[in-house]
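A closer look at the structure
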Amino acid sequence: QTKVPAPNNSNVPWVILPRAQLARRSPWSGVPGCIFLRDDASDKPVPLIYAAKTTATLCLHSDFVGRKLSDKPVSAGAVPGMGQWASLVAPWLLPHDDVYQSWIGDSNRTKLQGHEQAIGLHAEFTFDPDLQSIAQTTAECFTGRGGDGCKDIENNAKGRFENARVRMAGIALVDVSSGRILAAGSSGSPCYDHDQHRRGQPPRRCPDVGNGNVHHPLIPVERTNHGLVTQAPPGSLVKPILMAGILMGGRGQGQILGLAEALKVSDSQLFIDALMCRQRLGSGRFSPQCDRPNMALESAHRLGWNSGCQNASAWGLQHCGQTDLLYGMAQSYVPPSVDGRLLEANLYRPIQQSILYGRLFVRPANSLNGAQGYQDFGREELLPEAERRQACAQSGRKGYFRCSDRKVAVISEAYGQGNARTTAVGVAGMISALAASEHKEKPRYPHILEGLYRSNGLKDRPSDHGKNEDLPMGPPGVSPEIAARVLEAMSTSHLPRGTSHSACVQVMGEAACNAPLGIAGKTGTPGDADDRSLKVMVAEQIERERCLANRRKDCFILYPPPRPRYRWYAAAFKSNASKFYDKTIAVLVHSNWRISDGRYVDDQNAAAEIAFNIINRIRLKSIPAVTNPSSP
């Protein structure tokens, strides 16, 4: 028996455990397969080393893929949440697992110290160690966790809590042609992370947020990756989708003159004018007949969002707008071989990781058996009467300000609010679909599992099961002409008057940001954010709790909980001197507060600065002689 001591200075008793409970599994059942990352430049697998030297030795000396392995194994901590993704493929890595036995049996073996025995499949993930390091370092620098790696990154954090530019940063970097997720950066400031779990003593000098004002995730924060799973309203990042839909449904070029300029400066009023078929952007009456909102919904589907949201089945509603992170497939699709009764009984359990990819123009809905989820707007919800659109456009100083009627919920969605939600990887995937469409490639859903391999280097069938079952591995995309027009408009956002110009200048300098950069970007600013100071929020939390104790029904109206202030930036960019956009990046941040008055600081778009920093470093790494490609 082994004694396990309790923590110092605590009243927790010692625990006695039998040795058998701590014993290792029998080696005769086989050894686990290895986990690798993928060096995108050299096409070499890079061993992901946890702690066990025996595992490291096995990985470095196995016959994996028959390729020379990189001699630079990386730590598992290099990709936040890596343990979660690795656990998903555990059934393929463990020879004694029932799933492994049913697919592989005893046919996959290797020699270890002169003895042949069963070995699990090797899993190769898509993360590129060098690009992941760039993304992760940048995320940590902007959240106040940086060290020596931040000396070349200016984050303008003076006067903010924790000396952190932002409280949270999530980054997704995607290869356009293959859909591989090359990097998933994720970091929260020390105080932000403590607010999520409230365990132990808080870091010094944290802002007083109040426990009742903190959103607690459903899964522990240490098992998440903000670049892959954290959801937020997309704000103006829906404009590329809207513009593609407007161009698909436009009748007469005169009605959409100025649309590209409206995207450059992110003028939401003009965009909604075009979406709702106003005679001219900014003035005039509205056409009674208008197919553009319906085409914008079609555009969302064609660019990868809203997958399954048109389906009224329980499975479709519950997986509206979701994809599988492992293989890169829409969650709403299932193999034809799956018995429909399993779906209805919620007993279908594929080896997948479901994430929200993106949804727009949706409403809550229930299936016939009571399952809850989301469903596309119907045609009547997408197009209010011309008179209602006219009244809505004339409300408020800038128009479309007081459109609270349920019948014009489409306006809120067109602002990227309402029920619209996405993730950084979902935005990067949507922009990738545009870039792939422009150069006539089939778009591919982003994914993190490159493949499962036997010890002899042969790719195993499970990694291709989506293709074998004729499941779509990517959205349809839009026409090359429409994709080119949208990306051309996005390529001006860093120029003077563009929404990301100041962030570009901060990172790349004035001269570079006055010319084409080979970057087609878009900022996003969800408008439903809190302007109250920390002091007011905490005081109103106390009043809200008193109100609830008195059993009043209007407590959340009188004293609303705080709403986080998110900021976005996403772009397709040319990482080298190629003709086409070959990579996309999306960044989501949670703004920080000033120490002086406890209010959010949004002096510049930190999300855009993070992206420009990463793009700059990737270009310097890839092509030192050509850091600013000038082809549009």
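In short, a report on the structure. (Residues numbered from 1 in each chain as written. Predicted model: local features only at pLDDT ≥ 70, side-chain atom pairs only at ≥ 80, totals over all residues. Heavy atoms only, no water.)

The pairing of strands in a sheet comes from backbone hydrogen bonds and takes either a parallel or an antiparallel form. Read across the open sheet, the 5 strands follow the order E10-E9-E23-E22-E21; overall the sheet is antiparallel. Of all strands in the sheet, those with a lone pairing partner are strand E10 (181-188) and strand E21 (519-524), marking the two edges. Here the average twist between neighbouring strands, direction ignored, is 10°. Summarising the sheet, strand E22 (residues 566-573) and strand E23 (residues 583-591) pair through 8 bridges and their orientation is antiparallel. Across the sheet, Tyr 566 pairs through a bridge with His 590, a residue of E23. In the packing of helix H19 (residues 480-490) onto the sheet, the strands contacted are E21 and E22, and the crossing angle to E21 comes to about 70°. (Pairing = 2+ DSSP bridges. Helix = DSSP H or I, 4+ residues; strand = E, 2+ residues; numbered from the N terminus. Axes fitted to C-alpha atoms, helices over the stretch in contact; angles between N-to-C directions. Contact = heavy atoms within 4.5 Å.)

Turning next to the pattern of salt bridges. One pass over the full model with this rule turns up 20 salt bridges. Here Asp 554 makes a salt bridge to Arg 552, at a shortest N to O gap of 3.0 Å. On the accessibility criterion, Asp 554 (26% relative accessible area) is partly exposed. According to the relative accessible area criterion, Arg 552 is partly exposed, its value standing at 44%. Taken together, the shared-partner salt bridges connect Arg 38, Asp 40, Arg 180 and Glu 450 into one network. (Salt bridge = Lys/Arg side-chain N within 4 Å of Asp/Glu carboxyl O. Buried < 20%, exposed > 50% of the residue type's maximum accessible area, 1.4 Å probe, protein only.)

This part covers the packing of aromatic side chains. Summed over the entire model, instances satisfying the criterion amount to 3 aromatic pairs. With centroids separated by 5.6 Å and ring planes inclined at 85°, the aromatic side chains of Tyr 357 and Tyr 445 adopt a geometry described as edge-to-face. Here the residue Tyr 357 occupies a position in the loop between strand E15 (354-356) and strand E16 (358-359), and Tyr 445 occupies one in the loop between helix H17 (424-438) and strand E20 (449-453), the gap between them amounting to 88 residues. The burial state of Tyr 357 is the same as that of Tyr 445; both residues are buried. On the numbers, 5.2 Å between centres and 20° between planes, the contact of Trp 593 with Tyr 600 is stacked. On the basis of relative accessible area, Trp 593 is assigned to the buried category, the value being 3%. With relative accessibility at 10%, the residue Tyr 600 sits in the buried group. Looking at Arg 359, its charged tip hangs above the ring of Tyr 374, at a distance of 3.9 Å from the centre. When the ring centre of Tyr 581 is taken as origin, the NZ or CZ atom of Lys 574, which lies over that ring, is 4.9 Å away. (Phe/Tyr/Trp six-rings, centres within 6.5 Å; stacked < 30°, edge-to-face > 60°. Lys NZ or Arg CZ within 6 Å of the ring centre and 35° of its normal.)

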